[in-house]
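What follows is the residue order along each chain.
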Amino acid sequence: MERIIEPFRIKAVEPLRMTSPEERRQILEAASWNLFRIAAEDILIDLLTDSGTGAMSAEQWAGIMRGDESYAGARSWYRFRDRVRELTGFQHIIPTHQGRAAERILFSCLGVRDRIVVSNTHFDTTRANVEFLGGRPVDIPTPEALTPDEVYPFKGNIDLGALKRILADSRDEVACVIHTITNNSGGGQPASMANIRSASEICRASGVPFFLDACRFAENSYFIKVREEGFEDRSVESIARETFSLADGATFSAKKDGLTNIGGFLGSNDDQLAQQEEALLILTEGFPTYGGMAGRDLEAIAVGLYEVVEEDYLRYRTASVAYLGEGLTEAGYPIVQPPGGHAIYIDAGAFLPEIEPLEFPAHALACELYLEGGIRSVEIGTLMFGGVDPATGEERVAPLELLRLAVPRRVYTKSHIDYVLEVAQAVAERRREVKGYRIVEEPPQLRHFTARLAPL
Ligand SMILES: *Cc1c(COP(=O)(O)O)cnc(C)c1O
């Protein structure tokens, strides 16, 4: 059959609450025009993030009951550690409550103060952790990543030429290289095995540690299988293992390709580094056999890490995200091409050209989708990445003004997505009326989460 269906049936349902346009206007105004400030109950279709929002399987819920809550050496810990080790090959597995805890521990132990961390694109928490610890994040995405409408199979690649130059010019300043797969902030685009391998070789030749931000390793591996020559007959599991084998370690948020609602880990092969990481883990996260997690979470992640590499699941997953992308394109939205693994990124800068970056066009579009149909999405542009540059004292502007519609795993059906497309169509028809925003109040870090805004 040609039609790709959801490869599961539904066992538990959660009702959605309908709201009227007038109600939504009041709700958004009361939330200071920041969708992060809206109660989830007041959202109809929540495409804010694919992080921790997925549905667990019957087998994972069974794992929740099997969870062993012993403080030290719980059965669930061994199950978790063994599955993570089998998949990644890393010697040292440090459990953390989510990805950013792994990032903080890694960057603290590597010592990034007054040094550079290089990435294809740092995710927002990764960037914030590097900056908070006194380091300087440098993004070197492949040049194709900066032309949203160009179709290129591996826009998540790191720019190898730029990487070589940085290592030739300032090798001693580079604390590490971290390759984000898939590149979340750059459109959910995959990196090829060839690119990851070359980046790894370049780093090894200059003795710089090479890490993966592996949150979406399964989606990345599936794209390698279907897009990169020589991988079509390989299993996703074996592609994932090969990917991890190229790195010295990885940070991971189980809230994405762990198919759970919380959790993460930090993996590495360096005995000395792992010892330091474990010391810091005990100080702020928990004992090394549970990190910041309950035994039941460890159990659910172990099961999720088997389910996420199943090809029926990944075929449905990537097809359903692509379906959203194709519908938006038909409705007149320029999107980052080709569709990513977990989300569609609308090029709001191109869709609303009259709105300046410092007036947050993608944020304006996010507000319209909410007002029109109760849909929540997220700006990935100057609101997220801007703010005053500590080095120059000037307002930073993001390279692209994107609006991300992230698709939670195994949660929405095709008719939910059809509804999203109908709402998007209605907004597209009145795009000329859409106005920009200004910030009324903002915190020093990660301002998009809590800033208060007002329409212009
Ligand atoms: C979500 C995410 C993180 C951070 O993980 P949390 O579990 O949210 O702390 C880091 N990197 C990327 C690419 C992510 O998508």
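The rules behind the values
- Residues numbered from 1 in each chain as written.
- Predicted model: local features only at pLDDT ≥ 70, side-chain atom pairs only at ≥ 80, totals over all residues.
- Heavy atoms only, no water.
- Helix = DSSP H or I, 4+ residues; strand = E, 2+ residues; numbered from the N terminus.
- Buried < 20%, exposed > 50% of the residue type's maximum accessible area, 1.4 Å probe, protein only.
- Contact = heavy atoms within 4.5 Å.
- Areas by Shrake-Rupley, 256 points an atom, 1.4 Å probe, with all protein chains shown as cover.
- Lys, Arg positive; Asp, Glu negative; His and termini not counted.
- Charge placed at Lys NZ, Arg CZ, Asp CG, Glu CD.
- Pairing = 2+ DSSP bridges.
- Axes fitted to C-alpha atoms, helices over the stretch in contact; angles between N-to-C directions.
- Expected span 1.5 Å × (residues − 1).
- Near = heavy atom within 4 Å.
- Polar contact = N/O pair within 3.5 Å; in protein donor to acceptor, adjacent residues only side chain to side chain.
- Nonpolar A, V, L, I, M, F, W, Y, C, P; charged D, E, K, R; others polar.
- Right-handed = clockwise from strand over helix to strand, strands pointing away.
- Disulfide = S-S within 2.5 Å.

S.K.: Could you clarify how one ought to interpret the overall build of the protein in this entry?
M.R.: A tally of regular secondary structure across the protein gives 17 helices and 16 strands. Expressed as lengths along the three principal axes of its C-alpha atoms, the size of the protein is roughly 60 × 55 × 45 Å. Residue burial in the protein is summarised as follows: out of 456 residues, 60% are buried. Taking as baseline every contact in the protein between residues at least 6 positions apart, the subset at least 24 positions apart corresponds to 72%. Summed over all atoms, the accessible surface of the protein reaches about 18800 Å², with 51% contributed by carbon and sulfur. Of the charged side chains in the protein, 48 are positive and 68 negative; the average position of the first set lies 3 Å away from that of the second.

S.K.: Would you mind showing me how to read the sheet that holds strand E2 (residues 92-96) here?
M.R.: Paired through their backbone hydrogen bonds, the strands of a sheet run either parallel or antiparallel. On the basis of which strands lie adjacent, the open sheet formed by 7 strands has the order E2-E8-E7-E6-E5-E3-E4 and mixed pairing. Strands with a single pairing partner mark the edges of an open sheet, and in this sheet they are E2 and strand E4 (136-139). Direction aside, neighbouring strands of the sheet carry axes that sit 20° apart on average. In terms of strand pairing, strand E3 (residues 116-119) meets E4 through 4 bridges, oriented parallel. Of the residues in E4, the one forming a bridge with Val-117 is Pro-137. On the sheet, helix H6 (residues 160-170) packs against E3, E4 and strand E5 (174-180) and is oriented at approximately 170° with respect to E5. Relative to strand E6 (residues 210-213), helix H7 (residues 193-205) is tilted by about 145°, and along the sheet it contacts E5 and E6.

S.K.: Would you mind showing me how to read the side chain of Glu-219 here?
M.R.: Locating Glu-219 in the fold gives a position in helix H8 (residues 217-227). Given a relative accessible area of 0%, Glu-219 falls into the buried group. Residues within four places of Glu-219 in sequence aside, it is in contact with Thr-182, Asp-257, Leu-314, Arg-317, Gly-341, His-342 and Arg-409.

S.K.: Just to check I follow, could you spell out H7 for this structure?
M.R.: In an α-helix, one turn spans 3.6 residues; hence positions three or four apart end up facing the same way. Between its first and last C-alpha atoms H7 spans 18 Å; for 13 residues at 1.5 Å apiece the expected length is 18 Å, and the two agree. When we look at burial in H7, the residues that qualify are Met-193, Asn-195, Ile-196, Ala-199, Ser-200, Ile-202 and Cys-203. Turning to H7, the residues buried within the fold contact H6, E5, E6, H8 and helix H9 (236-245). Just downstream of H7, Gly-207 is the residue with a positive phi angle, here 70°.

S.K.: Explanation requested: the site of the ligand in the structure shown.
M.R.: As a structural note, the neighbourhood of the ligand is formed by 15 residues, with Arg-100, Asp-213, Arg-216, Ser-253 and Lys-256 the closest of them. Residue Arg-100 places a side-chain N or O atom 2.7 Å away from an oxygen atom belonging to the ligand. Within the side chain of Arg-216, an N or O atom sits 2.8 Å from an oxygen atom of the ligand. If the ligand stood free it would expose 380 Å²; the protein chains cover 98% of that surface. Looking at the shell around the ligand, the elements that each hand over two or more residues are helix H4 (99-110) and helix H5 (124-132). The greatest single-element share of the shell around the ligand, amounting to 3 residues, is contributed by H4. For the shell around the ligand, a count of residues per class yields 2 nonpolar, 7 polar and 6 charged.

S.K.: What should I look at first to understand the sheet that holds strand E14 (residues 402-406) in this one?
M.R.: Strand order in the open sheet formed by 3 strands is E9-E14-E11, and the pairing between neighbours is antiparallel. Strand pairing shows two members of the sheet lacking a second neighbour, strand E9 (343-347) and strand E11 (378-380), which therefore form its edges. The mean angle between the axes of side-by-side strands here comes to 35°, regardless of whether they run parallel or antiparallel. Two strands pair when backbone bridges link them, and E11 and E14 are joined in this way by 3 bridges, in the antiparallel orientation. In the sheet register, Glu-379 faces E14, and the bridge partner there is Leu-403. Contacts from helix H14 (residues 361-373) reach E9, E11 and E14, with the element oriented near 40° to E14.

S.K.: For this particular structure, what's the right way to read the pairing of E3?
M.R.: Burial along E3 is two-sided: Ile-116 and Val-118 facing one way and Val-117 and Ser-119 facing the other are all buried. Crossover connection from E3 via H5 to parallel E4: handedness right-handed. As defined by bridge partners, E3 adjoins E5 across 4 bridges and the pair is classed as parallel. Residue pairing for E5: Val-117 is matched across the bridge by Cys-176.

S.K.: Is there a simple way to explain the pairing of E14 in this structure?
M.R.: The side chains of a regular strand alternate between both faces of the sheet. Of all 5 residues making up E14, 5 are buried, and the element is well covered by its neighbours. As defined by bridge partners, E9 adjoins E14 across 5 bridges and the pair is classed as antiparallel. Bridged to Ala-343 within E14 is Ala-406.

S.K.: So what exactly am I meant to see when it comes to the state of the cysteines here?
M.R.: Covalent bonding between the sulfur atoms of two cysteines defines a disulfide. Taken as a whole, this structure holds 0 disulfides when the rule is applied. Left unpaired, Cys-176 is separated from the closest cysteine sulfur, that of Cys-203, by 8.8 Å. A relative accessible area of 0% means that Cys-203 is categorised as buried.

Don't take any of this as a statement about function, it's just geometry.
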